[in-house]
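Understanding the architecture of this molecule
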Amino acid sequence: MSLDRLRGTTPAKRHNARTIAALTGNPGCSRRAVLDAAGIDKVKLATRIGFPGSFGQSRFALARGNAFEAMLKADDCALLRSVLDVGVVDYHDLGADSDDTLGARHGRTLSLLGSARPALVDHPLLTLEVAGQTVFLEPDLIAFQSEGRLRVVEIKSFAIVDGQADSAAVSGAAVQAAVYVLALRALLGDDRVSHEVVLVCPSNFSLQPVAVVLDVRKQLSTLRRQLSRLSSVSSLIAGLPSFVSFDLSLSPSDLISSLTAIEARYVPECLSSCEMSVYCRSEAAGSTAALGRSVRESLGGIEEVSTVLDLARGAVAPDPGQAEAAALLRQAARLRDEALP
Amino acid sequence: MSTLVALARAEAYAAGRAQPIATVRHLHVHDRPFVLIPLAMAGEANAPLAAMLGTAHDDPHLLVVEQPRNRDERFAFAAELAARLVPYLESFAGETEAVAVDRGRDVRHRFVDAPQVWLPNTGGVDFLRLFGRSTRFRSVDGDYPVHPAVPLLGRWLTFLAGTSEVPGSSLLPNAVQALTLHWATGQSGAEDAHLGSLLAWIESGAAAARLAERGPVAGPATDPDFDNHVLAPLIANGDPALRTTLHELLLPTWDGMWRALALLRALPAGDRVGSRWDGDRDAYSAYVQHLAEDGAPQPRRDGAVAAAARLQRLENAAARYAVQRAFDDPLVMAEYRLAGAAFGGVVTLANPDRVDDTGKRPVLRPRIMVATTETVRVEPGASLTSPARPAQKAKVISVTATATGHDVLLELSGGMGRKLVAEPGSVSAVGESLLLTTLSEAYRPGAAFPDPSETPWTHGGPPVVVESVHADHE
Ligand code: SF4
């Protein structure tokens, strides 16, 4: 079975740094790997089967992000130049375009970045291998070239207050920047692109920009691992039954049978990182994993809540592998009963 | 997570109702709390959108910033919040009591009560911490003058946010943390962060919790759909309906906050909750004094010595809080029993009059034998305590395996009076059920840190730069 066949008549979703970064979210999940590799629109799929999530972005946040970026780029990037301390270099904006001119923009990107001339290059068009396919990345970045080396500059609108920022926001930005580093390296070679990226954020409670350097080596290796996992997805897809399809014109019940044919690995973290999570949560109801990784571990790794309770009450005999966990659970149940009035 | 709490989650899932994980209340609940629900503007760095606040359930007060990106409105909000919150905070700085210090050689005074500000969740605490940061350095004159109450509010908020990091402190509690300390739901911790859903698990059950998930959030972040479809047009048009909309949005959380307080009040307070509140009153009294004498805002960042000292204080508080909870609550102690750090048993032999006269002076050292069927992970020489007699130490002399478990021989010291004969009842008698644990309430002195003035500047010593009147320009 091919990736396109899985998607049916629905067009493939275009990737951006955010969707690629999200691939690192739950690397153990085959369902997600297949859906992402095939370019399935998970928001539409989840809505179609009656389990919509809330993954929107506030327009206030978008507006502030745009305002901050516009401010940095005004007057030929005057403010950006000063915060990056880059002096007089060229600024090239490769702009946005439609599907049919992507190739041309990619060509211009290649020639500009390949020339090794010091410059700020905005909106370069990059490509990345995802699941054996070359996808265009719609990047929102500036590459700064100096002395033959490129640095990724990422503009984010979350605030850095007294040198500290929201850790979730920073790690999200680091993964996205790592996606760009990876794509740039694929284009120009590893030694041309620095693993240190520059994050430009508003500082304290003003819109004054501040630049900080992040080392994204860790994020790079996670991404590489996950992308290589995705490339092995083709063998997984080859083994799927022929009825499996995510053509959105199919009925919800057909789509659900297709989903159940691919193994998932739901954890509560999915709720904030994967568009399928409301469906997967309801499917995983009754599993200890749905209560959280640490809960499952504390319950001796037993998979089902009902088994946990049966073992704790001594209602069933434990399998040989469960003996230790069962003894702990029985003891825990006894202590709970004793302490509760 | 402990296996006992994990088991309670499993039970809650099966029952469709939250299950208790505490038999007593582990925090002080004030008779006159101040409830505060802040809402932030998405995307902005700590811009308030609204707040619902007050000290009585039937009297919520709503503050709204009609144009959240307008700097003047933002500081008008801060001034209004200050006008309501600061008088509450200061209202406890009245009557004092004397406390003996230095073994009774001296006394100091502390206020007999302290404020308690309740927030819905830790996000609210973070919001207030940043709001404190953005207001405490503001100057009341110069280019961007603010109302004098604003920097004072900032200092108070920074103080309160600082106390919320101290385990066991109850000056700035939040409802989600307080409830999850006492109940386990049948969902994940991530889902418990939604106050409405958490309350529904406790009050009505799983089905109601799923419905509540789709209900209004408890802030400080708003729902993106709400932002895009409701809030944006209201703000863009300067629509007077903004107030009513925000009032309706916040009201369910407001009610939930007071229901959470009622749920907690219904639990009996643990024995050691009062002494932790004493510590909170000390902290409050000291801060009132600081404001009266010097009043400088807290620095942006602690120096290295201050940071290390603070870290150690927090670690000590955490250890003390863990032990106190276990001593107060058999259900918490059960976690230590499961791990082998505590065991229950029955006294089978007792020699209450035993005197050890091998040293310079004879000392009273009774011995008891405790038979237990529980896991025992203690070695001879270890020092144990029993919650029933916290002042007494029990040294393990030997641990012997028996057909049903273990016999533990213990030598007792302390808590038996000053004579060579034990006070009646101070030594366990044969047949008494006893709980023994390696946990100890004993005070552990902290490491000595150099005085800041003697610290090299590389470690945060002088010169001290206090940018107290700096204003961030926007
Ligand atoms: S929500 Fe479902 S599909 Fe997505 S990562 Fe989790 S388990 Fe996999």
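Here is what the cut-offs are and how they apply
Residues numbered from 1 in each chain as written. Chains lettered and ligands numbered in written order. Predicted model: local features only at pLDDT ≥ 70, side-chain atom pairs only at ≥ 80, totals over all residues. Heavy atoms only, no water. Helix = DSSP H or I, 4+ residues; strand = E, 2+ residues; numbered from the N terminus. Buried < 20%, exposed > 50% of the residue type's maximum accessible area, 1.4 Å probe, protein only. Contact = heavy atoms within 4.5 Å. Areas by Shrake-Rupley, 256 points an atom, 1.4 Å probe, with all protein chains shown as cover. Lys, Arg positive; Asp, Glu negative; His and termini not counted. Charge placed at Lys NZ, Arg CZ, Asp CG, Glu CD. Expected span 1.5 Å × (residues − 1). Near = heavy atom within 4 Å. Nonpolar A, V, L, I, M, F, W, Y, C, P; charged D, E, K, R; others polar. Patch = residues over 30% accessible without salt bridge, like charges linked within 9 Å, V, L, I, M, F, W, Y side chains within 5 Å. Salt bridge = Lys/Arg side-chain N within 4 Å of Asp/Glu carboxyl O.

1. Some details on the overall build of chain A
If you tally the helices and strands in chain A, you get 15 helices and eight strands. Seen through its C-alpha atoms, chain A measures out along the principal axes to roughly 75 × 50 × 40 Å. In chain A, which comprises 341 residues, the share counted as buried stands at 49%. Residue pairs in contact within chain A that sit at least 24 positions apart in sequence constitute 63% of those at least 6 positions apart. Looking at chain A as shown, the accessible area adds up to about 15,200 Å², and 52% of this sits on carbon and sulfur atoms. Across chain A, the mean location of the 35 positive side-chain charges is 1 Å away from that of the 38 negative side-chain charges.

2. Things to note about helix 11 (residues 273-293) of chain B
One turn of the α-helix equals 3.6 residues, which is why residues spaced by three or four share an orientation. All names here are of chain B. Between the first and last C-alpha of helix 11 there are 30 Å, a value that for 21 residues agrees with the 30 Å anticipated at 1.5 Å per step. Regarding helix 11, the residues found buried are Val-273, Arg-276, Trp-277, Asp-280, Arg-281, Tyr-284, Ser-285, Tyr-287 and Val-288. Looking at the buried residues of helix 11, the elements they touch are helix 2 (71-90), strand 5 (96-101), strand 6 (106-111), helix 4 (149-163) and helix 12 (304-328). Gly-295 sits one or two positions beyond helix 11 and adopts a positive phi of about 80°.

3. Here's the deal with the site of the ligand
Residue and element names in this part refer to chain A. Around the ligand, the structure places Asn-26, Cys-29, Arg-31, Arg-32, Ala-264, Arg-265, Tyr-266, Cys-270, Cys-274, Met-276, Ser-277 and Cys-280. Contributions of two or more residues to the shell around the ligand are made by helix 3 (30-37) and helix 12 (277-283). For the shell around the ligand, the per-class residue count stands at seven nonpolar, two polar and three charged.

4. Side note on the environment of Leu-85 of chain B
Relative to the helices and strands, Leu-85 of chain B is located in helix 2. In this structure, Leu-85 of chain B is in contact with Phe-34, Val-117, Leu-153 and Leu-157 of chain B, ignoring residues within four places of it in sequence.

5. Considerations on unusual backbone geometry
Peptide bonds are trans in most cases, and residues, glycine excluded, mostly fall at negative phi. In this structure, the amide linkage connecting Gly-219 of chain B to the following residue, Pro-220 of chain B, adopts the cis form with an omega of -5°. Not every positive phi belongs to a glycine, and Asp-162 of chain A is a case in point at roughly 50°. The topology assignment puts Asp-162 of chain A in the loop between strand 6 (149-155) and helix 7 (167-188). Judged by its relative accessible area of 14%, Asp-162 of chain A is buried. Its identity as a non-glycine residue notwithstanding, Asp-102 of chain B has a phi of 55°, on the positive side.

6. Some remarks on helix 7 (residues 195-203) of chain B
Residue and element names in this part refer to chain B. Counting buried residues in helix 7 gives seven out of nine residues, a clear majority hidden from the surface. Turning to helix 7, its buried residues number three or more, namely Leu-195, Ser-197, Leu-198, Leu-199, Ala-200, Trp-201 and Ile-202. Where helix 7 is buried, its residues touch helix 1 (3-15), helix 5 (175-180), strand 8 (183-184), helix 6 (189-192), helix 8 (206-213) and helix 10 (241-265). Within two residues after helix 7, Gly-205 carries a phi angle of roughly 135°, on the positive side.

7. So, a nonpolar patch on the surface
Residue and element names in this part refer to chain B. Together, Val-355, Leu-420 and Val-421 give the surface a local cluster of nonpolar side chains, amounting to about 230 Å² of exposed area. Checked against the element boundaries, Val-421 lands in the loop between strand 15 (406-413) and strand 16 (433-437). Here Val-421 falls in the exposed class, since its relative accessible area comes to 53%.

8. Notes on the pattern of salt bridges
Residues and elements named next belong to chain B. Summed over the entire model, instances satisfying the criterion amount to 43 salt bridges over all chains. Its salt-bridge partner being Arg-9, residue Asp-192 comes within 3.1 Å of it at the nearest N-O pair. One end of the pair, Asp-192, is in helix 6; the other, Arg-9, is in helix 1, and 183 residues separate them in sequence. Neither residue differs from the other here; Asp-192 and Arg-9 are each classed as buried.

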